[in-house]
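# Survey of secondary and tertiary structure
Each chain is listed here by its residues.
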Amino acid sequence: MNVTLKVWRQKNRNDAGRFVTYEVKDISPDASFLEMLDVLNVDLVKKGEEPIAFDHDCREGICGSCGIVINGRAHGPGRGIATCELRMRVFRDGDMIVAEPWRAKAFPVIKDLVVDRTGLDRIMVAGGYISAKTGGVPDANAIPIPKPIAEEAMDAAACIGCGACVAACPNSSAMLFVAAKISHLALLPQGKVEATTRVQRMVEQMDKEGFGNCSNNYACEAECPKEISVLHIARLNREFIKAKVL
Amino acid sequence: MNQLIAFYNSSIGKKITMSLTGLFLCTFLVEHLVGNLILFAGEEAYNSYTEFMVSNPLIRAVEILLFASLLFHPLVGVLLWIANKRARPNKYEVYKLNENAPLASRITMLTGGLIFVFLVVHLRTFFAPLRFGDVHPSAYRLVQEAFSDGLYSAFYIVALIFLGYHLRHGFQAAFQTLGLRSKKYIGLLDAVAFIFWFLIPLGFATLPVYFYFFFNSASTAAKAMGVN
């Protein structure tokens, strides 16, 4: 299949950036979106042009590296998928596809489709961990955890930190990301110990990074490749109120 | 104290201001609707109700809270809106929020803005004369005369539709922000939300419909037939 790709090209952080249109020919409908970019990049290199920079690593939807806004949707059309899992067959032959980087003040563009997501890392550094003593591996069942709680914590822990929630949110809010991390740890006995300081520090860092405020549009949940529920945001709010007011 | 200021200044703190003021305004809607429905009980009942509302000191005290909420809710809303616009200085070329978020959640500024305009007109039409003026011949007649104007009634109903959309998003969002939305209560919350975004605006809409179409019907029909 053939498609027309309108893609964001930006040399570096300081470049203003612009859209460039490419004709991409003879793409297998079973190719992933990233493989289509690979094919285009090979062509560009052959022509002596700069290939399109984009983040990628595992290419099986578990690492959280990739992330492109495709036709106005973070990770492209479809639910519960990362950009690497998006197949070209969802488009029609001859389609015009617009590919842009995540756009948020907190995610400055580094080059082309690559953005700086270290803001999310700094939120994790602020409190997204438990201060456990290192040493021997503890017995797996030393602390019993009810199955429903363990499942819910696991659902939150599925967050791969790709930043699609921020990209999809009309306010560039990182609430779903922070909520997933808070929820994951607050549900488990090991995480409860530092729950109060953790939520305050992580929210403070989130605000400092310049992410917007949640306005409960729930676009984040719709675009999350791990389909993390916005009910975790309610838990984040609950934890924050408990920590600050109660 | 510093802790409280820090709480308010956080993104979640501002959202909580929105939800608490919003929910307080929702409780007011219930009281207001009950009061309005007294219109169906007749002129005398409604006139004594408005007299009670104007003279009761407790109502006067709650009124201060009500006006504070009416000012704070839109004010904080606009401040958040501005901050949120700043969080994405470079816009998307294509952005399909409509495929990810329900309509009501995308138009809260628009619905809220129109409700605010409506409130200014509404307070001028009903609240100001009832509270500060001397209504002639009665409160009931003031309402009946206002709603006999088709344009005013239509404006009132359009504002109620916007209110419905505003609450369709706002009511559940308030509970989400307060951290009270959970798997356990989501069903109950949706049911109560339905009362607020659908039944309450519908209840308010019965009044202009009644006064415009049914209250005057006898005299209008007589006029149409050339009988004065």
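Here, every reference points to the structure presented above.
Quantities reported herein were computed from a predicted structural model and do not represent experimental measurements. (Residues numbered from 1 in each chain as written. Chains lettered and ligands numbered in written order. Predicted model: local features only at pLDDT ≥ 70, side-chain atom pairs only at ≥ 80, totals over all residues. Heavy atoms only, no water.)

## With respect to helix α5 (residues 175-186) of chain A
Residues and elements named next belong to chain A. Note the cut-off: A run of H or I in DSSP counts as a helix once it spans at least four residues, and a run of E counts as a strand once it spans at least two, with each numbered from the N terminus. Each residue after the first adds 1.5 Å to the expected span of a helix. Under the scheme applied here, a residue whose accessible area is under 20% of the maximum for its type counts as buried, over 50% as exposed, and between as partly exposed, the area being computed with a 1.4 Å probe on protein chains only.
Helix length check: α5 (12 residues) gives 15 Å between terminal C-alpha atoms against 16 Å at 1.5 Å per residue, within 8%. Of all the 12 residues making up α5, 11 are buried; the element is thus mostly covered by neighbouring parts of the structure. Those residues of α5 that fall on the buried side of the exposure criterion are Met175, Leu176, Phe177, Val178, Ala179, Ala180, Lys181, Ile182, Ser183, Leu185 and Ala186.

## With respect to the sheet that holds strand β4 (residues 73-74) of chain A
Residue and element names in this part refer to chain A. How we decide: A pair of strands is labelled paired if DSSP reports no fewer than 2 bridges between them. The contact criterion used throughout is that any non-hydrogen atoms of two residues lie within 4.5 Å. Note on geometry: axes are lines fitted to C-alpha atoms, helical ones only across the stretch in contact, with angles between N-to-C directions running from 0 to 180 degrees.
Strand order in this open sheet of five strands is β2-β1-β5-β3-β4, and the pairing throughout is mixed. Looking along the sheet, the strands with just one partner apiece sit at the ends: β2 (18-24) and β4. Both strand β1 (residues 3-9) and strand β5 (residues 96-100) contribute to a ladder of four bridges, which runs parallel. Following the sheet pairing, Lys6 is matched in β5 by Val98. Contacts from helix α1 (residues 33-46) reach β1, β2, β3 (69-70) and β5, with the element oriented near 80° to β1.

## A closer look at the interface of chain B and chain A
Reports of interface size often rely on the accessible area that becomes lost once the parts have come together. Heads up, the rule is: Any carboxyl oxygen of Asp or Glu within 4 Å of a side-chain nitrogen of Lys or Arg constitutes a salt bridge here. Whenever two N or O atoms come within 3.5 Å, that pair is a polar contact, provided that in protein one can donate a hydrogen and the other can accept it, and provided that, for residues adjacent in sequence, both atoms are side-chain atoms. Just so you know the grouping, Ala, Val, Leu, Ile, Met, Phe, Trp, Tyr, Cys and Pro go in nonpolar, Asp, Glu, Lys and Arg go in charged, and all remaining residues, Gly too, go in polar.
Contacts between the two partners involve 41 residues from chain B, matched on the other side by 51 residues from chain A. Where chain B packs against chain A, one counts two salt bridges. We note a salt bridge from Glu93(B) to Lys6(A), for which the minimum N-O separation is 2.6 Å. Across the chain B-chain A interface, the total number found is 34 residue pairs in polar contact (both at pLDDT 80 or more). Residue classes in the side of chain B that touches chain A are distributed as 17 nonpolar, 14 polar and 10 charged.

All we've got here are geometric facts, nothing functional implied.
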